[in-house]
Amino acid sequence: MGTKTTCRRLIKAPASQMLVVACIFMLLVESSAGSKARHFKWDVEYVFWSPDCIENVVMGINGQFPGPTIRAKAGDTVVIDLTNKLHTEGVVIHWHGIRQFGSPWADGTASISQCVINPGETFTYRFKVDKAGTYFYHGHYGMQRSAGLYGSLVVDVEDGRKEPFHYDGEFNLLLSDWWHESVHHQEVGLSSNPLRWIGEPQTLLINGRGQYNCSLAARYSNSSSSQCQLRGSEHCAPEILHVLPNKIYRLRIASTTALASLNLAIGNHKMVVVEADGNYVTPFAVDDLDIYSGESYSVLITTNQDPSNNYWLSAGVRGREPKTPQGLSVLNYRPNSASKLPASSPPTTPAWNDYAHSKSFSNKILALMGSPKPPKNYDRRITLLNTQNKINGYTKWAINNVSLTLPPTPYLGSIKYGLRHAFQQNSPPESFSNDYDVMKQPVNPNTTTGNGVYILAMNTTVDIILQNANALTANVSEIHPWHLHGHDFWVLGYGEGKFDPKKDEKKLNLKNPPLRNTAVIFPYGWTALRFVADNPGAWAFHCHIEPHLHMGMGVVFAEGIQHLTKIPQEAIACGLTGKMLMTANHN
Ligand SMILES: O=C1O[C@H]([C@@H](O)CO)C(O)=C1O
């Protein structure tokens, strides 16, 4: 019987004080014995790179794109000394899916958890990875994520713990999209009147690799592009998945796309979904898998197909009319040559607007037996209406008719030190007017900017209803994947049209809703979430489509900041908290 169980028994039974103290000491020793601190030294700088065989400029880490994969065990502490080698831009990195209990200043969100790290400066991210799962990291300032600042973050179960499924090997697949236009050009376009939209990506990348001026599968179709002739050492050569026959492999899939909702399929192989956003789900088999920006999954595949062949791995665009070729890679059954192309053409991506297919997949994702259940009731319900609007002719996205513009002083500091001039003190609207018709374009297209914060009472249960609506163009309502920092939430359900508590409340799933950190809202629909505000800090909650966040599609939550004993000064040495520190340090 483990120490934990012994101790738990002791603590329950009338035991001598000494015994309890001894137990706690043993637990501390045991827990510290397993966990490790993993140190990394990163330089962030622009580098020439050819992600899709066309030379471009990417934001690299230690000269490489995508950034290095961080691998750790649950309970470890990750320490990243990040030096900003950019010449004219600040930078921060967000550890997507890591909850940052006790380290909210390491969440990596400019203006929310910290000041940007200025050129030449070094900031140390130090945080515990407390839960096993498939995660990733990415820039969270301006649209630097779109410039290629991202990489994988994998947390294995701690020593002595086992996963609830067996596999013989594993692969990491970080999916992203890529434009040839610079992020600078994109940012200016989005902030122009009239709006210059970024358009659809030129290429889809798998682990930062795609092909623009040729196709790996040209010979299977009468497509205009030529058949790629790659040596394999190029930046854009696909990463081949080498497997042995009759084995089980875990594919860790994460999407850091700036825009695209993707669908992944592997020729002739079913996928068994076992994890979503770092939480175990009840396993279910699919032929193809939808993954929205910000989401992650683990699937198991069994290599039980004809071993004399290789098979396609394909990622295609869904949810928006595709103008981008599929991203492709190859599942290579050893000992076949890796350059032996599959016998047939890549799997066809389901129709982009077959939302029934999308919803059917989302509704299959349910928590694994034994997962934490949601509280039966909520203390506060916040309804967030997503609309596309105008401000003096500029196109924006707004939530309850407020388009988010972040303040220069990070909320974590200004709330901690009660600097009331740092941001609008009135709480943003908790809902929207009852007569708003979500099926129609906004009657009044105008909105306003705001930077108010939803202050949550510590340890209260919060329900969020994410409500979608028609955009500025008639008969258009787009998909939005929403990501919450600092917490996982339970996805209680999805519905059509305007959420109606009377008829929709009773349909919510409180039995086995999945825990996630990202959830999608479908066109003209709503998605119901529940989470517990148990993590002192200031937390972004926003559409994970990069241009949409840039256009104001997000909100900020904050809870328990007064409980924080210390905030590293280097995290808030800008804006009004910077001035406050200078004054304090000088007196
Ligand atoms: O924010 C967006 O702008 C365009 C379109 O609405 C205006 O061109 C689009 O598809 C978005 O998601």
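Just so we're clear, the structure is a prediction, and the values are computed from it rather than from any experiment. Note on numbering: residues in each chain are counted from 1, in written sequence order. Given that the model is predicted, a residue must reach a pLDDT of at least 70 before its local features are reported, and side-chain atom pairs must reach 80 or more before they are shown or counted; all residues, however, enter totals for whole chains, interfaces and linings. With hydrogens and water excluded, all non-hydrogen atoms of the structure serve as input to the side-chain values.

## Some thoughts on the sheet that holds strand 19 (residues 327-333)
Here is step 1: One bridge is not enough; two strands pair if DSSP finds at least two bridges between them. We count a stretch as a helix when DSSP gives it H or I for four or more residues in a row; a strand needs E for two or more, and each element gets its number in order from the N terminus. Spatially, the five strands line up as an open sheet ordered 11-19-18-13-16, and their pairing is mixed. Each edge of the sheet is formed by a strand with only one pairing partner; in this case those strands are strand 11 (241-243) and strand 16 (288-291). Taking each pair of neighbouring strands and ignoring which way they run, the sheet shows an average axis angle of 20 degrees.
Here is step 2: Examined bridge by bridge, strand 11 and strand 19 share three bridges and lie parallel to one another. Within the sheet, the bridge partner assigned to V243 lies in strand 19 and is Y333.
Here is step 3: Running over the sheet, helix 4 (residues 355-362) touches strand 13 (261-266), strand 16 and strand 18 (311-318) and is turned about 90 degrees from strand 16. Every axis corresponds to a line fitted to the C-alpha atoms, with the helix fit spanning only the stretch in contact, and the corresponding angles, defined between N-to-C directions, vary from 0 to 180 degrees. Residue contacts are defined here by distance: any two heavy atoms, one from each residue, within 4.5 Å place the two residues in contact.

## Concerning helix 3 (residues 183-190)
Here is step 1: With a 1.4 Å probe rolled over the protein chains alone, any residue whose accessible area is under 20% of its type maximum counts as buried; one over 50% counts as exposed, and the rest are partly exposed. Those residues of helix 3 that sit buried are V183, Q186, G189 and L190. The buried residues of helix 3 all sit within an arc of 120 degrees when viewed along its axis, so they share a single face.
Here is step 2: Of the surrounding elements, those touching the buried residues of helix 3 are strand 21 (394-399) and helix 7 (546-550). Starting at the helix axis, one direction is taken to each C-beta atom, and the arc is that of these directions.

## Quick word on the nonpolar core
Here is step 1: Counting residues in hydrophobic clusters, the biggest one holds 80 residues, and the most contacted among them are W95, Y125, I464, F541 and F557.
Here is step 2: In contact with F541, not counting residues within four places along its chain, are L384, I464, L466, W482, H483, L484, F489, L529, G554, V555 and F557.
Here is step 3: The set of buried Ala, Val, Leu, Ile, Met, Phe, Trp, Tyr and Cys residues whose side-chain atoms join them within 4.5 Å is what this entry labels a nonpolar core. By size, the runner-up hydrophobic cluster in this structure holds 33 residues, among which are I253, M271, I291 and F361.

## Looking at helix 8 (residues 575-586)
Here is step 1: Take the residue count of a helix, subtract one, and multiply by 1.5 Å to get its expected span. Between its first and last C-alpha, helix 8 extends 17 Å over twelve residues, near the 16 Å set by a 1.5 Å rise per residue.
Here is step 2: Lining the buried residues of helix 8 we find helix 5 (411-416).

## A look at the site of the ligand
Here is step 1: In these notes, residues near a molecule or strand are those with any non-hydrogen atom within 4 Å of it. Close to the ligand lie L195, W197, R320, Q388, W397, E478, H548 and M551.
Here is step 2: By the criterion applied in these results, polar contacts are pairs of N or O atoms within 3.5 Å in which, for protein atoms, one can donate a hydrogen and the other can accept it, and in which residues neighboring in sequence qualify only through two side-chain atoms. Here an oxygen atom of the ligand and a side-chain polar atom of E478 are 2.5 Å apart.
Here is step 3: Taking H548, its side chain carries an N or O atom lying 2.7 Å from an oxygen atom of the ligand.
Here is step 4: Only the protein chains shown count as cover for residues, and the accessible areas themselves come from Shrake-Rupley with a 1.4 Å probe. Contact with the protein chains removes 77% of the 310 Å² of surface that the ligand exposes when unbound.
Here is step 5: For the shell around the ligand, the class distribution of residues is four nonpolar, two polar and two charged. Residue polarity is assigned by list, with Asp, Glu, Lys and Arg as charged and Ala, Val, Leu, Ile, Met, Phe, Trp, Tyr, Cys and Pro as nonpolar; anything else, Gly included, falls into the polar class.

## Notes on unusual backbone geometry
Here is step 1: For the peptide bond that leads from F65 to P66, omega is -10 degrees, which places it in the cis range.
Here is step 2: Locating P66 in the fold gives a position in the loop between strand 2 (56-61) and strand 3 (70-73).
Here is step 3: Omega for the bond connecting N193 with P194 falls within 30 degrees of zero, at 0 degrees, which places this linkage in the cis form.
Here is step 4: Checked against the element boundaries, P194 lands in the loop between helix 3 and strand 10 (203-206).

## Examining the domain arrangement of the protein chain
Here is step 1: Segmenting the protein chain into domains produces domain 1 (1-28), domain 2 (29-68 + 76-156), domain 3 (169-364) and domain 4 (380-583).
Here is step 2: Residue ranges for the domains originate in an automatic or database domain assignment. The distance between the C-alpha centroids of domain 2 and domain 4 comes to 24 Å.
Here is step 3: With 27 residues of domain 2 at the interface, the matching set in domain 4 holds 37 residues.
Here is step 4: Salt bridge criterion: a side-chain nitrogen from Lys or Arg within 4 Å of a carboxyl oxygen from Asp or Glu. Between domain 2 and domain 4 we count two salt bridges in total.
Here is step 5: D488 serves as the salt-bridge partner of K131, at 3.1 Å between the closest nitrogen and oxygen.

## Describing the environment of N172
Here is step 1: Its place among the elements puts N172 in strand 9 (residues 169-178).
Here is step 2: A polar side-chain atom of N172 sits 2.9 Å from a polar atom in the side chain of S152.

## Quick look at the packing of aromatic side chains
Here is step 1: When the centres of two rings from Phe, Tyr and Trp lie within 6.5 Å, Trp using its six-membered ring, the rings pair. Their planes under 30 degrees apart give stacked, over 60 give edge-to-face, and anything left gives tilted. If you walk through the whole model with that rule in mind, you get 26 aromatic pairs.
Here is step 2: For the pair F123 and Y125, a centre-to-centre distance of 4.8 Å together with 70 degrees between the ring planes defines the contact as edge-to-face.
Here is step 3: Using a relative accessible area of 4% as the deciding quantity, one classes F123 as buried.
Here is step 4: A residue is classified by how much of its surface remains accessible, and Y125, at 0% relative accessible area, is buried.
Here is step 5: A centroid spacing of 5.7 Å and a plane angle of 85 degrees characterise the contact between Y220 and W312, whose relative ring orientation is edge-to-face.

## Here's the deal with empty space enclosed by the protein
Here is step 1: As defined here, a cavity is a set of points on a 1 Å grid over the protein atoms alone where a 1.4 Å probe fits but cannot get out. A pocket is an open set with protein on both sides within 12 Å along at least five of seven lines, and residues line them when an atom is within 4 Å of a point. Grid points are joined across faces, edges and corners, and a volume is the space filled by probe spheres set on the points. Using the criterion set out here, one finds two cavities of 30 Å³ or more in the structure.
Here is step 2: A volume near 70 Å³ is recorded for the largest cavity.
Here is step 3: Residue contributions to the lining of the largest cavity peak at three residues, all from strand 32 (residues 554-559).
Here is step 4: Partitioned by chemical class, the residues of the lining of the largest cavity number seven nonpolar, four polar and no charged.
Here is step 5: The volume enclosed by the second largest cavity comes to roughly 40 Å³.
Here is step 6: Taken together, L259, S261, G319, R320, E478, I479 and I545 make up the lining of the second largest cavity.
Here is step 7: Of the residues in the lining of the second largest cavity, the class split is three nonpolar, two polar and two charged.

## Re the side chain of S414
Here is step 1: Following the sequence through the fold, S414 ends up in helix 5.
Here is step 2: On the basis of relative accessible area, S414 is assigned to the buried category, the value being 1%.

## As for a nonpolar patch on the surface
Here is step 1: Like-charged residues are merged into a patch within 9 Å and nonpolar side chains (Val, Leu, Ile, Met, Phe, Trp, Tyr) within 5 Å, provided each residue has over 30% relative accessible area and no salt bridge. Together, Y46, F48 and V57 make up an exposed nonpolar region whose accessible area comes to about 310 Å².
Here is step 2: Among the structural elements, Y46 can be located in strand 1 (residues 37-49).

## Digging into the state of the cysteines
Here is step 1: Two cysteine sulfur atoms make up a disulfide if the distance between them is within 2.5 Å. A full pass over the atoms with the stated rule returns three disulfides.
Here is step 2: Sulfur-sulfur distance for the disulfide between C115 and C574 comes to 2.0 Å. Because the torsion about its S-S bond is -90 degrees, the bridge between C115 and C574 counts as left-handed. Of this pair, C115 sits in the loop between strand 5 (93-96) and strand 6 (122-128) while C574 sits in the loop between strand 32 and helix 8, and the two are 459 residues apart along the sequence.
Here is step 3: On the basis of relative accessibility, which here comes to 21%, the residue C574 falls in the partly exposed class.

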